[in-house]
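Results of the structural survey
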Amino acid sequence: MTTTTASQEAGDRTVRKNSPGAARGPRRTGRIKRIGLPYLLLLPALILELLVHLVPMVIGIVMSFKALTQFYIRDWGTAPWSGLDNYKVSVDFDAPVGKALLDSFFLTIGFTLLSVGLCWLIGTAAAICMQDAFRGRGLLRALFLVPYALPVYAAVITWVFMFQHDNGLVNHVLHDQLGITDKPSFWLIGDNAFYALLTVSVWKGWPFAFLIVMAGLQNIPKDLYEAAALDGAGVWQQIRRITLPSLRPVNQVLILVLFLWTFNDFNTPYVLFGKSAPPSADLISVHIYQTSFVSWNFGTGSAMSVLLLLFLLVVTGVYLLLTSRGRKTADV
């Protein structure tokens, strides 16, 4: 009887073990763990992203609807609500505040287009030249990336010393050695401040374009160039017919990233000129800083920041829409 009971228990255990329901339970639990593990690993990054970006953004939007000045800076939550008054002041282009913001906006547009265009042109030309193997190519590639690898403060403060009026390297080369200018120029004040800022921005930005384009060139088959050379295509024809069309997806992302970075750049003009940039180099990022932290009008400064955010979102959306349509047309 004992032997029979043990056999029945063993049989029941075997049936339960081999039944579909028993096997489905652990399998389902393992699938849930596998699906939930990636989200669990992403949770710290999502929390940090929430704390670093989203929460300050929401606070800035709330501040834009308050009459927040230096009188409420200790407890900004007690500042009275102003509704859309800060936005009305910012977009009233007949008034001094709105007119100054509009001038800074157009200046930033022109500066960004010039900087992005030159960064892309120099970076693309350098990447194409670095494709063919020659002695010292690796060293040149490393040297080209130095401006991008340097900390912003160290890089820009070096240019501050180079742009000095009396003992700067720029005036020494242009005036003393080459004789291009009649007298030493002031590069950090006046109209020349725009060209100084543009020079530093391009110097800092083109290595990034060089790096991205150089990576994109690695995916172009060399057989295309060999076939084009056999057909009699020259260097410029190969660049126009093979290189640039093949780099179109890379350039679409590169130009958008360079535009957003350059348009929002605050560190370069701030380190180059300090708290008060000359009118010729009054980029919108510095203009908003001056409105908020120099004039102590945080409500208006926050409204300007929100307007800038909306503008960049619209530009990004339109750009992505146009590039996606262009890609579909090219595929057809």
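Once a new chain begins, its residue numbering starts again from 1 and follows that chain's sequence as written. Reporting of local features is limited, given that this is a predicted model, to residues whose pLDDT is at least 70; pairs of side-chain atoms are given and counted only at 80 or more, and all residues count toward the totals for whole chains, interfaces and linings. With hydrogens and water set aside, each side-chain value is computed from the structure's full complement of heavy atoms.

Let's shift gears to the overall build of the chain. The secondary structure listing takes helices from DSSP runs of H or I that are at least 4 residues long and strands from runs of E that are at least 2 residues long, numbered from the N terminus. Within the chain, the regular secondary structure consists of 15 helices and zero strands. Buried, partly exposed and exposed residues are distinguished by accessible area as a fraction of the type maximum, computed with a 1.4 Å probe on protein chains only: under 20%, between the cut-offs, and over 50%, respectively. For the chain, with 332 residues in total, the buried portion stands at 31%. Summarising the internal contacts of the chain: among those between residues at least 6 apart in sequence, 65% fall at separations of at least 24. Should any heavy atoms of two residues lie within 4.5 Å, those residues are considered in contact.

Between the first and last residue of a helix there are one fewer steps than residues, each counted as 1.5 Å, and that sum is the expected span. Its 12 residues place the ends of helix H11 (residues 235-246) 15 Å apart at the C-alpha level, agreeing with the 16 Å of an ideal helix rising 1.5 Å per residue. Burial in H11 covers these residues: Gln238, Ile239, Ile242 and Thr243. Along the axis of H11, the buried residues cluster in a sector spanning 125 degrees; they form a single face. Of the exposed residues in H11, the ones pointing more than 90 degrees away from its buried face are Trp236, Arg240 and Arg241. Against the buried residues of H11 lie helix H4 (96-129), helix H9 (192-217) and helix H10 (222-230). The arc in question is the one spanned by the directions pointing from the helix axis to the C-beta atoms.

Formed by 49 residues in total, the largest nonpolar core has its most connected members in Phe163, Leu197, Phe210, Leu258, Leu272 and Phe273. Elements with a contribution of two residues or more to this core: H4, helix H7 (152-162), H9, helix H12 (248-263), helix H13 (267-273), helix H14 (284-294) and helix H15 (298-331). With 14 residues, the single largest contributor to this core is H9. Beyond its immediate sequence surroundings of up to four residues, Leu258 is in contact with Val116, Cys119, Gly205, Phe208 and Ala209. We define a nonpolar core as any set of buried Ala, Val, Leu, Ile, Met, Phe, Trp, Tyr and Cys residues linked to one another through side-chain atoms lying within 4.5 Å.

Every angle, taken between N-to-C directions, lies between 0 and 180 degrees, and every axis is a line fitted to C-alpha atoms, over only the stretch in contact when it is a helix. Two elements in contact, H7 and H9, have axes separated by 11 Å at closest approach and are oriented at 140 degrees. Considering the angle they form, H7 stands oblique to H9. Two packed elements cross with a definite hand, and for H7 against H9 that hand is right-handed. Contact residues: Val152, Ala155, Val156 and Trp159 in H7; Thr199, Val200, Trp203 and Lys204 in H9. To sort the angles, those under 35 degrees are grouped as roughly parallel, those over 145 as roughly antiparallel, those from 65 to 115 as roughly perpendicular, and the leftovers as oblique. Handedness of a crossing follows from how the near helix is turned relative to the far one, being left-handed for an anticlockwise turn of less than a right angle and right-handed for a clockwise one.

Each reported salt bridge corresponds to a side-chain nitrogen of Lys or Arg within 4 Å of a carboxyl oxygen of Asp or Glu. For the structure on display, the rule yields one salt bridge. Residue Lys99 is joined to Asp103 by a salt bridge in which the shortest nitrogen-to-oxygen separation is 3.3 Å. Placement of the pair is Lys99 and Asp103 together in helix H4, with a separation of four residues, close to one helical turn. Accessibility expressed as a relative area gives 45% for Lys99, which makes it partly exposed.

Another point: H14. Counting buried positions over the 11 residues of H14 gives nine, a clear majority of the element. Among all positions in H14, only Ile284, Ser285, Val286, His287, Ile288, Tyr289, Gln290, Thr291 and Ser292 are buried. Positive phi appears at Trp296, one or two residues downstream of H14, with a value of about 60 degrees.

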